[in-house]
Amino acid sequence: NPAVSAGDVIIVAFSAETDKANLPDTLTKAQVDSMLSFSQPLGSAYTGFWTGRSELLITIGGASTAVGQFPTIGELTVTVNATAKLRNYPPNSAAITRTSSTL
């Protein structure tokens with residue numbers, strides 16, 4: 001199976017506008033991890049960038065040579081952490097806690 005590697009981008013698209021979990025547009029790895037969980041490791045370094053209220057780009061950075069450091073295409077899922085309190089925008093619903101289809 002092909003794998004994601006350093007420099008690749010994962011697009012997380014939400015079906016509606018979100019409040020971006022009250023985070024800035026540019027996210028550190030720690031901020032991405034506070035909002036999302038991944039079924040496989042994304043590598044040793046990555047960042048996030050909100051292109052709007054419904055689309056988050058995650059850029060894989062930092063080359064890694066360890067086996068299993070990058071996810072396999074067709075097997076990765078993304079889950080919104082309940083603790084992130086990601087909500088629709090303007091916020092008028094409960095926090096989102098969903099898992100994506102396989103990416």
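This text follows the structure it describes.
Computed from a predicted structure; not experimentally measured.

Rules and cut-offs
- Residues numbered from 1 in each chain as written.
- Predicted model: local features only at pLDDT ≥ 70, side-chain atom pairs only at ≥ 80, totals over all residues.
- Heavy atoms only, no water.
- Helix = DSSP H or I, 4+ residues; strand = E, 2+ residues; numbered from the N terminus.
- Buried < 20%, exposed > 50% of the residue type's maximum accessible area, 1.4 Å probe, protein only.
- Contact = heavy atoms within 4.5 Å.
- Polar contact = N/O pair within 3.5 Å; in protein donor to acceptor, adjacent residues only side chain to side chain.
- Pairing = 2+ DSSP bridges.
- Core = buried A, V, L, I, M, F, W, Y, C linked by side-chain atoms within 4.5 Å.

Asker: Honestly, the environment of Lys29 in this entry has me stumped. Any pointers?
Answerer: Positionally, Lys29 belongs in helix α1 (residues 29–35). A residue is classified by how much of its surface remains accessible, and Lys29, at 31% relative accessible area, is partly exposed. On a C-alpha basis, the gap between Lys29 and Tyr46 in space is 5.4 Å, while along the polypeptide they are 17 residues apart. The contact partners of Lys29, leaving out residues within four places of it in the chain, are Gly43, Ser44, Ala45 and Tyr46.

Asker: Would you take a moment to explain the side chain of Asn88 for this structure?
Answerer: If you trace the backbone, Asn88 turns up in the segment after β6 (78–80). A polar contact of 2.5 Å, which involves the side chain of Asn88, links it to the side chain of Asn92. Within the structure, Asn88 has its side chain in polar contact with the side chain of Ser93 (distance 2.9 Å). Beyond its immediate sequence surroundings of up to four residues, Asn88 is in contact with Glu17, Thr18, Asp19, Ser93 and Ile96.

Asker: Whenever I open this one, the environment of Ile11 confuses me. Can you help?
Answerer: Its place among the elements puts Ile11 in strand β1 (residues 9–13). If sequence neighbours within four positions are ignored, Ile11 has contacts with Glu55, Leu56 and Leu57.

Asker: Hey, could you run me through the sheet that holds strand β4 (residues 45–52) in this one?
Answerer: Strand pairs in the sheet, formed through backbone hydrogen bonds, run parallel or antiparallel to each other. In spatial order, the strands read β1-β5-β4-β2; together these 4 strands make up an open sheet with antiparallel pairing. Taken across any chain shown, the strands that pair with only one partner, and hence form the sheet edges, are β1 and β2 (26–27). Bridge count between β1 and strand β5 (residues 55–61): 5 bridges; the pairing is antiparallel. Bridged to Val9 within β5 is Thr59.

Asker: I keep staring at the nonpolar core and nothing clicks. Help me out?
Answerer: One recurring pattern in soluble globular proteins: nonpolar side chains tend to sit buried together. Ranked by size, the top nonpolar core spans 22 residues in total, and within it Met35, Leu36, Phe38, Leu42, Leu56 and Ile58 carry the most contacts. At the level of secondary structure, the elements contributing two or more residues to this core comprise β1, α1, β3 (36–38), β4, β5 and β6. No other element matches β5, which puts 3 residues into this core. Those residues in contact with Ile58, other than ones at most four positions away along the chain, are Asp8, Val9, Ile10, Val12, Val32, Leu36, Phe38, Leu42, Tyr46, Thr47 and Gly48.

Asker: Whenever I open this one, the pairing of β5 confuses me. Can you help?
Answerer: Regular strands place side chains that alternate from one sheet face to the opposite one. In β5, alternate side chains face the same way, and those of Leu56, Ile58 and Ile60 are buried while those of Glu55, Leu57, Thr59 and Gly61 on the opposite face are not. Summarising the sheet, β4 and β5 pair through 7 bridges and their orientation is antiparallel. From the neighbouring strand, Gly48 faces β5, where its bridge partner is Ile58. Hairpin connection between β4 and β5: a loop of 2 residues separates the two successive antiparallel strands.

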